[in-house]
Amino acid sequence: MAEPLIPSAFTVEPAVALAGRVTLPPDKSIAHRAAILSALAEGETQIVGYPAAADPQSTLTVLRALGVEIEGRDDSLFVQGVGLRGFHAPEGPLDCGNSGTTMRLMAGVLAGQGFPSTLVGDASLSRRPMDRIAEPLRQMGAALTLTDGHAPVRIDGRPLRGIEYRLPVASAQVKSCVLLAGLLAKGPTTVIETTPSRDHTERMLGLPVFSLGAERHISAEGGAPVPWGLRVVPRDFSAAAFFLVAGSVVPTATLELLQVGLNPSRTALLDVLRAMGARIEVQNERERGSEPIGDLRVHAPEGLVGVEVGGALIPNLIDEIPVLAVAAACAGGTTTIRDAAELRYKETDRLAATAAFLQAMGASVEETPDGLVIEGGHPLRGATIESRGDHRIAMAAAVASLTASGATTIEGADAVAVSFPGFWDELDALAGGGLVGNTAFRSRNGT
Ligand code: S3P
């Protein structure tokens, strides 16, 4: 599907108002898994609401290159499952674009196939650590070659054996990689996590999970059939996060976000924002497939106060930390974020990038080895910010710009296409149309 071109820079004026209903993209994490599991199943799956964003589209590109038939009709995707071993050998390298989830999950699937394959990515993905998946996959008998711990990931598919694997880092991507490889292995595979991470894979596969104290033991049985049929992708909580913070820092803001994924392994930001004083209501909580969803309403509070965030909470809000730091810069008092060194291995080093853009806007932020210390309450001022090619940095900086004095220009603004192609349109519409002063943007929308 041809995506509209997104201008490479946007100028955001301070918001005088922010109100309305936010159209959010479908959940990226859930979509990757829905596509991969549909391909590994034996029947046809209809996925309602598959995202147009670049990352989930990268997963489709890879699956199609492996011979999976995928057709888009109306608002659905129809995937013809090929079964656990029905992929065709690809004709060339499999391009994962910017998507770490595509690369790490597909490595697990490809490790147990009967053919060689190579996973490649863009410059950012090629800098991210892949030894974390190579290590458990090699224990399972896989033959994987990395380049200095990074992509390209060269895989010589071969029979795998089940293992018990204790995750050394809290990572849903590593967990899912090992569990998917486990489906192709001989015997059971158990992944043990000491800090819970997002649990979409085990939910979708209906895998048994045993809790042992603080630990979760998740098991996959080699050769077990993969469920197929209808899957509905909820709206993305991680995309909602930008508007939950925007609605909490722009005076008089009132926003409504419908059908948002509310999986408890993803929603710690709600609790943290509420502890800071945010006014966020959750309504109409219900189940959609294997995932809980609900509608959110956010109203600007009188003010926010700083918090301490760390420990087991971090994997639950790992993608939301840049925008949480924006809320902290607008809050009274100190916010301390610790145990978040994993942020240095994302699309960019997000601790450094967040500290840099907030400092450029006049905030008091200290970067620590595993987090940030933010002295809130210093007024933000407009600046020129570089997204460093990272979608979440571009969107977090845009939220900060709403509360700054003077205009902020965000360069590398097109990075939002990775997870939220409509972000700038939404922001402009909610701010009453006068917010984003960019000629290319205006002509694209005919205004
Ligand atoms: C994801 C897991 C997280 C998250 C990423 C998506 C997933 O990464 O940051 O955006 O879909 O499994 P890690 O597993 O590296 O923590």
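A few points on the structure.

Cut-off values and rules
- Residues numbered from 1 in each chain as written.
- Predicted model: local features only at pLDDT ≥ 70, side-chain atom pairs only at ≥ 80, totals over all residues.
- Heavy atoms only, no water.
- Helix = DSSP H or I, 4+ residues; strand = E, 2+ residues; numbered from the N terminus.
- Rg over C-alpha atoms; globule rule 2.2 N^0.38 Å.
- Buried < 20%, exposed > 50% of the residue type's maximum accessible area, 1.4 Å probe, protein only.
- Contact = heavy atoms within 4.5 Å.
- Areas by Shrake-Rupley, 256 points an atom, 1.4 Å probe, with all protein chains shown as cover.
- Lys, Arg positive; Asp, Glu negative; His and termini not counted.
- Charge placed at Lys NZ, Arg CZ, Asp CG, Glu CD.
- Core = buried A, V, L, I, M, F, W, Y, C linked by side-chain atoms within 4.5 Å.
- Near = heavy atom within 4 Å.
- Polar contact = N/O pair within 3.5 Å; in protein donor to acceptor, adjacent residues only side chain to side chain.
- Nonpolar A, V, L, I, M, F, W, Y, C, P; charged D, E, K, R; others polar.
- Domains from an automatic or database assignment.
- Phe/Tyr/Trp six-rings, centres within 6.5 Å; stacked < 30°, edge-to-face > 60°.
- Pairing = 2+ DSSP bridges.
- Axes fitted to C-alpha atoms, helices over the stretch in contact; angles between N-to-C directions.

1. Notes on the overall build of the protein chain
When helices and strands are tallied, the protein chain shows 14 helices and 25 strands. Relative to a compact globule of 447 residues, whose C-alpha radius of gyration would be 22 Å, the protein chain shows 21 Å and is just as compact. In terms of overall dimensions, the protein chain has C-alpha extents of about 60 × 50 × 45 Å along its principal axes. A buried classification covers 60% of the 447 residues belonging to the protein chain. In the protein chain, 73% of the contacts between residues at least 6 apart in sequence involve partners at least 24 apart. A total of about 16,100 Å² of accessible surface is found on the protein chain, and carbon and sulfur atoms cover 51% of it. A distance of 3 Å separates the average location of the 37 positive side-chain charges in the protein chain from that of its 50 negative side-chain charges.

2. Description of the nonpolar core
By size, the foremost hydrophobic cluster in this structure holds 84 residues, and its most contacted members are Phe 243, Leu 257, Leu 273, Met 276, Phe 357, Phe 423 and Trp 424. When residues of this core are assigned to their parent elements, the largest contribution, ten residues, is made by helix α7 (residues 237-249). Core analysis: the second largest hydrophobic core is formed by 65 residues, Ile 36, Leu 66, Val 109 and Ala 185 among them.

3. Description of the site of the ligand
In the region of the ligand, the neighbouring residues are Ser 29, Arg 33, Thr 101, Arg 104, Ser 171, Ala 172, Gln 173, Arg 198, Ile 318, Asp 319 and Lys 346. Ala 172 is positioned with one of its backbone polar atoms (N or O) 3.0 Å from an oxygen atom of the ligand. Look at the ligand: alone it shows 390 Å² of surface, and the protein chains cover 94% of it. Sorting the residues of the shell around the ligand by element identifies α1 (28-40), α3 (100-111) and α5 (172-183) as the ones contributing at least two each. Among the residues forming the shell around the ligand, the class breakdown is two nonpolar, four polar and five charged. In terms of domain composition, the shell around the ligand takes at least three residues from each of domain 1 (5-26 + 235-443) and domain 2 (28-231).

4. Some words on the side chain of His 391
Structurally, the position occupied by His 391 is in helix α12 (residues 391-402). Relative accessible area serves as the criterion here: at 0%, His 391 is assigned to the buried category. There is a polar contact of 3.0 Å between the side chain of His 391 and the side chain of Glu 347. Not counting the four nearest positions on each side in its chain, His 391 is found in contact with Lys 28, Glu 347, Arg 350, Ala 415, Val 416, Val 418 and Ser 419.

5. Regarding the packing of aromatic side chains
Taken as a whole and judged by the stated rule, the model has six aromatic pairs. When the ring of Phe 243 is compared with that of Phe 423, the centres are 5.8 Å apart and the planes differ by 50°; the resulting orientation is tilted. A residue pair is termed long-range when its members are at least 10 positions apart, and Phe 243 in helix α7 and Phe 423 in helix α13 (residues 423-430) qualify at 180 residues. Accessibility expressed as a relative area gives 0% for Phe 243, which makes it buried. For Phe 423, a relative accessible area of 0% gives the class buried.

6. What to know about the sheet that holds strand β24 (residues 384-386)
The three strands are arranged β1-β25-β24 in an open sheet whose pairing can be described as mixed. Single-partner strands in this sheet number two, and they are β1 (9-12) and β24. Within this sheet the neighbouring strands show an average axis-to-axis angle of 20°, counted without direction. In this structure, β24 lies alongside strand β25 (residues 408-411), joined through three bridges in parallel fashion. Bridging from a neighbouring strand, Thr 384 pairs with Thr 409 of β25. Along the sheet face, α12 touches β1, β24 and β25 and points at about 175° away from the line of β25.

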